[in-house]
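Residue-level structure breakdown
Each chain, letter by letter, is given below.
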Amino acid sequence: MENTFRFNSIAEFHRFCKLPNPDHPLISLIDYSKVCYPDNETVLKWIQNFYSIGLKRNVNAKFNYGQQQYDFDAGVLSFISPLQFLKIEIKQDVVANPTGWLLLIHPDFMWNTVLPQKIKTCDFFGYSVNEALFLSDKEEKVVVEILRNIEQEYQSTIDKFSQDLIIAQLERLLIYSERFYERQFITRKKSNHELLERFEKVLSNYLESGKALDKGIPTVKDIANDLHISPNYLGSLLRLHTQQNTQQHIQNKLIDYAKERLSSTNLSVSEIAYQLGFEHPQSFSKLFKSKTKQSPLEFRASFN
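About the thresholds
- Residues numbered from 1 in each chain as written.
- Predicted model: local features only at pLDDT ≥ 70, side-chain atom pairs only at ≥ 80, totals over all residues.
- Heavy atoms only, no water.
- Helix = DSSP H or I, 4+ residues; strand = E, 2+ residues; numbered from the N terminus.
- Buried < 20%, exposed > 50% of the residue type's maximum accessible area, 1.4 Å probe, protein only.
- Contact = heavy atoms within 4.5 Å.
- Areas by Shrake-Rupley, 256 points an atom, 1.4 Å probe, with all protein chains shown as cover.
- Lys, Arg positive; Asp, Glu negative; His and termini not counted.
- Charge placed at Lys NZ, Arg CZ, Asp CG, Glu CD.
- Axes fitted to C-alpha atoms, helices over the stretch in contact; angles between N-to-C directions.
- Parallel < 35°, antiparallel > 145°, perpendicular 65-115°, else oblique.
- Nonpolar A, V, L, I, M, F, W, Y, C, P; charged D, E, K, R; others polar.
- Phe/Tyr/Trp six-rings, centres within 6.5 Å; stacked < 30°, edge-to-face > 60°.
- Pairing = 2+ DSSP bridges.
- Core = buried A, V, L, I, M, F, W, Y, C linked by side-chain atoms within 4.5 Å.
- UniProt positions renumbered as here; feature names shortened; annotations may be inferred.

Secondary structure summary: the chain contains 12 helices and 10 strands in total. Overall size of the chain, expressed as C-alpha extent along the three principal axes, is 75 × 45 × 35 Å. Here the chain holds 304 residues, and 47% of them are scored as buried. Sequence-distant contacts in the chain: of pairs separated by 6 or more residues, those separated by 24 or more amount to 73%. Accessible area for the chain stands at about 16000 Å²; split by element, carbon and sulfur atoms hold 49% of it. Computing the positive centroid from 36 side-chain charges and the negative centroid from 36, the chain places the two 4 Å apart.

Take the packing of helix α5 (residues 189–208) against helix α8 (residues 231–242) next. The geometry of a pair of packed helices is captured by two quantities: the angle between their axes and the separation between those axes. Interhelical geometry of α5 versus α8 gives an angle of 105 degrees and a closest axis separation of 11 Å. One way to sum up the angle between α5 and α8 is to call them roughly perpendicular. Each of N192, L195, L196 and F199 in α5 lies in contact with α8, whose residues at this interface are Y233, L234, L237, L238 and H241. Looking at the contact of α5 with α8 residue by residue, the classes come out as 7 nonpolar, 2 polar and no charged.

So, on to the packing of aromatic side chains. With the rule as written, the count across this model stands at 22 aromatic pairs. Relative to Y181, the ring of Y127 lies with its centre 5.0 Å away and its plane at 85 degrees, an arrangement referred to as edge-to-face. Remark: Y181 occurs in helix α4 (residues 162–187) and Y127 occurs in the loop between α2 (115–120) and β10 (133–134); sequence separation between them is 54 residues. For Y127, a relative accessible area of 5% translates into the label buried. Each ring, one from Y181 and one from F185, has its centre 6.3 Å from the other, and the planes form 35 degrees; the classification is tilted. A residue pair is termed a helical-turn pair when its members lie 3 or 4 positions apart in one helix, as Y181 and F185 do in helix α4 at 4 residues. Given the relative accessible area of 4%, F185 is considered buried.

Here the focus is unusual backbone geometry. Non-glycine residue K18 carries a positive phi angle of around 60 degrees. Looking at where K18 falls in the secondary structure, it is placed in the loop between α1 (10–16) and β2 (27–31).

Counting buried positions along strand β3 (residues 43–48) yields 5 of 6 residues, so the element is predominantly enclosed. Where strand β1 (residues 4–7) meets β3, 4 bridges bridge the pair, whose relative direction is parallel. Bridging across to β3, F7 finds its partner in Q48.

Looking now at the nonpolar core. In this structure, I27, L103, I105, F125, L170, L276 and F284 are the most contacted members of the largest nonpolar core, which totals 65 residues. Once residues within four sequence positions are removed from consideration, I27 is found in contact with I10, L103, L104, I105, F109, I150, Y154, I166 and L170. Counting residues in each nonpolar core, the second largest holds 19 residues, with I10, Y32, Y37 and F50 among its members.

UniProt's feature table lists "domain: HTH araC/xylS-type" (unreviewed entry) at residues 197–302, given in the numbering used throughout. Regarding residues 197–302, the helix share stands at 76% and the strand share at 0%, and the terminal C-alpha atoms are separated by 31 Å.

Burial runs high along strand β4 (residues 51–57): 6 of the 7 residues are buried. Pairing of β4 with strand β9 (residues 99–105) involves 7 bridges; the strand directions are antiparallel. Its bridge partner being in β9, Y51 is matched across the sheet by I105. Pairing of β4 with strand β7 (residues 76–80) involves 5 bridges; the strand directions are antiparallel. For S52, the partnering residue across the bridge sits in β7 and is I80.

The structure is reproduced here in structure tokens:
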């Protein structure tokens, strides 16, 4: 039976990977080429109580979140939050020279700083691993420089400025990551356009098939699952290309569907509300008026 490991501290993770004790208990930069997973394990599952930012290349393992899988054969940057479940399948038949860096940050290190709030605005901490950030050579150099600056600071003599300087570098890393992700969304214009088309189709099918009547209003998670992507990734894509988040898109689709039913059928407002997944017709009417400045009955009357 496969065990799920739990790493409460960075030191525990170091020991698991056969690495020396960390120089600092709450933050550590690991040379990925020196990581040694247990020899007798082909599948590793773990949950960690700290953040990790990984820049990895040529890794002889597959990293999974749920049903999603990703091979790290090129330089990519990934972000993992505390308590996320990670599964790794070691590829025994592949000879690789894994390289890269793994930055581990315990939440206690960021206590009483601006960073926790900053991380909340970074959707990519909720992306699946297959939605990792592909870096150009130039971008990779920027990331590595920041990582080495962090390492140099915590390995130096600790003084009252040390934490502030490291936090500043971490914030700089997150800002660059946001920039690079936006670049990736733009350069993948064709695949993103296809994904947006699939989003519209999945949402329309949900409403047209009557699924909303049985399961309720479509949620962001429902639609993301049907598209096999994370809710955060879908939200980032929509905001960049349409300036609206996923919830706004779903609501707009509900209103479009309601307008079509109000103008072309004799269904009551309550019947339309139930078809759209609303438990209470009053909630539907409130949303409709907030979006159109008219009640459903006023909208219908404008067609008579």
